[in-house]
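Chain by chain, the residues:
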Amino acid sequence: QSSSAAGRSGALSPAPPLSGAVQKIDVNPPKGTRDFPPEDMRLRNWLFNNFREVSRLYGFEEVDFPVLENEALFTRKAGEEIKDQLYCFEDQGKRRVALRPELTPSLARLVIQKGKSVSLPLKWFTVGQCWRYERMTRGRRREHYQWNMDIIGVPGVMAEAELLASIVTLFKRIGITESDVGFKVSSRKVLQGVLKCYSIPENLFGKVCVIIDKIEKIPVDEIKKELKVVGLSEEAVHELLEVLSVKSLAELEERVGSCGEAIADLKQLFLLAEKFGYSKWLQFDASVVRGLAYYTGIVFEGFDREGKLRAICGGGRYDHLFSTFGADDIAACGFGFGDAVIVELLKEKGLLPELSLQVHNIVCALDEDLQAVAATVANVLREKGQSVDLVLESKPLKWVFKRAARTNVERLVIVGSSEWQRGMVGVKILSTGEQYEVKLDDLK
Ligand SMILES: OCc1cccc(Br)n1
């Protein structure tokens, strides 16, 4: 056993295994998941800081929830893909739990938990990792981070208008314009109206919407078959699909009459969009239903106008989610904005920001016995709010210069014995090459 193996305590640590005897671990993260090495983490922080800044501008409060939730939060019986792909298991306490596939149910759970101790309306936001167990055949990710903004307790479409405004603000902050993306907007009350005309029971509404949401993903015959399976007549199916192909609000009004609230809500929303100044971003599209069963009114999704990418974000009104959790209903709407499609769009548009590591100083000692002095110098600078990359071992200056160049540092502070004897340290400004000596206390 080498003396080092004895360690400070004198206890013997196990001898390192004979080389080659240990099976090398898989250094990749689990399938469908990502690591965030520094350069990726800088981009993620840049994006999330924009999410947070927009949330602040709109007066939203940040909340958070466990990634692990009771499975019951997500086991809606509406044939949603999100349920089929639930990352769920029984824990050691025999509880059925799941990695959350979305954030809205957690938010609703917390609102119910808080009950009368919070005053409405609530404007809450969160940025959280969501999970799904997708068969890797499609090679898609199994996790992503979502920015969610929700307004709880406002029944009017002013709430949806405000949410859309916040997303437009985000897009503008990161250089995306209305020529790059738009929002397809509709209302599930259109479908609700048709189902009512055909006396389809209310409890089928969620299931029908989930099936219709697949309209661009599976053949229309499959859609028709699935609708009939849940009990819709031939005529109802035909009428539903007809309504989905309506191209304008005016045509919709002609077709379904006043169609009650749907037309009124949509007209109001487009009017508000004018006032908010983002009407160029919106278009009515009756085929937008979104794939979550609990939406009940306005629904929307952000799309790239070149049609190359999946939806960038999506959301809508969900006025009956709370009663599915056994609580009194509260009017609510919100959206989810994923961290992956937006990055693909920024890459497409050449809008990825240049983000490099920014360190003010590298501090190094020229001799081993000046290491402690270098630590003092680093401390002085850090107390002044300067970032310091302290060289922690005795390294040749060449090594230090290479590291300084790689880490984009502004200044080198060198502790040498002759200078230090005069109470001075050496400084080199990397951008200009300027070199000078300075008293430690005068170092700014
Ligand atoms: O947007 C659906 C979704 C949910 C969880 C994880 C991922 Br990746 N995608």
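Thresholds, definitions, all that
- Residues numbered from 1 in each chain as written.
- Predicted model: local features only at pLDDT ≥ 70, side-chain atom pairs only at ≥ 80, totals over all residues.
- Heavy atoms only, no water.
- Near = heavy atom within 4 Å.
- Polar contact = N/O pair within 3.5 Å; in protein donor to acceptor, adjacent residues only side chain to side chain.
- Areas by Shrake-Rupley, 256 points an atom, 1.4 Å probe, with all protein chains shown as cover.
- Helix = DSSP H or I, 4+ residues; strand = E, 2+ residues; numbered from the N terminus.
- Nonpolar A, V, L, I, M, F, W, Y, C, P; charged D, E, K, R; others polar.
- Pairing = 2+ DSSP bridges.
- Axes fitted to C-alpha atoms, helices over the stretch in contact; angles between N-to-C directions.
- Contact = heavy atoms within 4.5 Å.
- Parallel < 35°, antiparallel > 145°, perpendicular 65-115°, else oblique.
- Left-handed = near helix turned anticlockwise from the far one by under 90°.
- Salt bridge = Lys/Arg side-chain N within 4 Å of Asp/Glu carboxyl O.
- Buried < 20%, exposed > 50% of the residue type's maximum accessible area, 1.4 Å probe, protein only.
- Core = buried A, V, L, I, M, F, W, Y, C linked by side-chain atoms within 4.5 Å.
- pLDDT = per-residue confidence, 0-100.
- Phe/Tyr/Trp six-rings, centres within 6.5 Å; stacked < 30°, edge-to-face > 60°.

Participant: Report on the site of the ligand, specifying residues and quantitative values.
Facilitator: Residues in contact with the ligand, as listed here, are Pro101, Cys130, Trp131, Arg132, Arg141, Glu143 and His144. In the model, a nitrogen atom of the ligand is placed 3.3 Å from a nitrogen or oxygen of the Arg132 side chain. Relative to its unbound accessible surface of 290 Å², the ligand loses 80% to contact with the protein. Of all elements in the fold, only strand S5 (122-131) and strand S6 (143-152) reach the threshold of two or more residues within the shell around the ligand. Of the residues that constitute the shell around the ligand, the class distribution is 3 nonpolar, 1 polar and 3 charged.

Participant: Go over the sheet that holds strand S16 (residues 435-439) with me, naming the residues and quoting the values.
Facilitator: What links the strands of a sheet is backbone hydrogen bonding, and the strands pair in either a parallel or an antiparallel sense. One open sheet holds the 5 strands; their spatial order is S13-S12-S14-S15-S16, and the pairing between them is mixed. Among the strands making up the open sheet, the edge pair consists of strand S13 (388-390) and S16. The average angle at which neighbouring strand axes cross in this sheet is 25°, direction not considered. By the bridge criterion, 5 bridges tie strand S15 (residues 424-429) to S16 in an arrangement that is antiparallel. Across the sheet, Gly426 pairs through a bridge with Glu437, a residue of S16. Docked against the sheet, helix H14 (residues 371-383) engages strand S12 (361-365), S13, strand S14 (411-415) and S15, running at close to 160° with respect to S12. Running at roughly 170° to S12, helix H15 (residues 397-406) makes contact with S12, S13, S14 and S15 of the sheet.

Participant: Report on the packing of helix H6 (residues 188-197) against helix H9 (residues 234-244), specifying residues and quantitative values.
Facilitator: Where H6 contacts H9, the two axes come as close as 10 Å, and the packing angle between them is 155°. Judged by the inter-axis angle, H6 sits roughly antiparallel to H9. Here H6 runs over H9; the crossing is right-handed. The residues of H9 that touch H6, namely those facing Val190, Leu191, Val194 and Leu195, are Glu239, Leu240, Val243 and Leu244. Grouping the amino acids of the contact of H6 with H9 by side-chain chemistry returns 7 nonpolar, no polar and 1 charged.

Participant: Can you explain the pattern of salt bridges? Please cite residues and give values.
Facilitator: Working definition: two side chains of opposite charge can pair if their charged atoms are close together. The full count for this structure, using the stated rule, is 32 salt bridges. Asp339 is the partner of Arg34 in a salt bridge, and the nearest nitrogen-oxygen pair spans 2.9 Å. Note that Arg34 is positioned in the loop between helix H1 (3-6) and helix H2 (38-57) and Asp339 in the loop between strand S11 (332-338) and helix H13 (341-348), a separation of 305 residues in sequence. Between Glu253 and Lys267 there is a salt bridge, and its shortest N-O distance comes to 3.0 Å. In this pair, Glu253 sits in helix H10 (residues 249-256) while Lys267 sits in helix H11 (residues 260-276), placing the two residues 14 residues apart along the sequence. Overall, Glu253 belongs to the partly exposed group, its relative accessible area being 30%. Residues participating in the shared-partner salt-bridge network are Asp180, Glu306, Lys308, Glu348 and Lys349.

Participant: For the nonpolar core, give the residues involved together with the corresponding values.
Facilitator: Within the largest apolar cluster, 78 residues are counted, with the highest numbers of intra-cluster contacts made by Trp147, Phe171, Phe183, Leu232, Phe337 and Ile342. By residue number, the principal contributor to this core is helix H5 (residues 158-173), which donates 9 residues. With residues up to four places along the chain from it excluded, the contact list for Phe183 reads Leu164, Ile167, Val168, Phe171, Trp281, Leu282, Gln283, Phe300, Glu301, Gly302, Phe303 and Cys313. Grouped together as the second largest cluster of nonpolar side chains are 22 residues, Leu122, Val288, Val299 and Ala332 included.

Participant: With reference to specific residues and values, describe H9.
Facilitator: Buried residues of H9: Ala236, Val237, Glu239, Leu240, Leu241, Val243 and Leu244, and no others. For H9, the secondary structure elements touched by its buried residues are H6, helix H7 (205-212), helix H8 (220-229) and H10.

Participant: With reference to specific residues and values, describe the confidence of the model for the protein chain.
Facilitator: Summary statistics for the protein chain give a mean pLDDT of 93 and a share of 94% for residues scoring 70 or more. Interface confidence in the predicted complex, given as ipTM, is 0.96; pTM for the same model is 0.92.

Participant: Describe in detail the sheet that holds strand S2 (residues 68-70), supporting the description with residues and values.
Facilitator: On the basis of which strands lie adjacent, the open sheet formed by 3 strands has the order S2-S4-S3 and antiparallel pairing. Strands with a single pairing partner mark the edges of an open sheet, and in this sheet they are S2 and strand S3 (87-90). Across the sheet, the mean angle from the axis of one strand to that of its neighbour is 35°, orientation sign disregarded.

Participant: Can you lay out the pairing of S3 for me, pointing to particular residues and giving the numbers?
Facilitator: As paired elements, S3 and strand S4 (residues 96-99) share 4 bridges and run antiparallel to each other. Bridging from a neighbouring strand, Cys88 pairs with Ala98 of S4.

Participant: Mind laying out the packing of aromatic side chains, listing which residues take part and the relevant values?
Facilitator: In the structure shown here, the tally under the stated rule is 15 aromatic pairs. Taken together, a centroid distance of 5.7 Å and an interplanar angle of 40° make the contact between Phe276 and Tyr278 tilted. Classification of Phe276 as partly exposed rests on a relative accessible area of 31%. Under the relative-accessibility criterion, Tyr278 is labelled buried at 2%. Taken together, a centroid distance of 5.7 Å and an interplanar angle of 65° make the contact between Tyr294 and Tyr318 edge-to-face. Of this pair, Tyr294 sits in the loop between strand S8 (282-284) and strand S9 (298-304) while Tyr318 sits in the loop between strand S10 (313-317) and helix H12 (321-324), placing them 24 residues apart in sequence. Residue Tyr294 is classed as buried on the basis of its relative accessible area, which comes to 7%. Taking the relative accessible area as the measure of exposure, Tyr318 reaches 1% and is therefore buried. An aromatic cluster is built from Phe36, Phe48, Phe51, Tyr145, Trp147, Phe171, Phe183, Trp281, Phe335 and Phe337, whose rings are joined through pairwise contacts.

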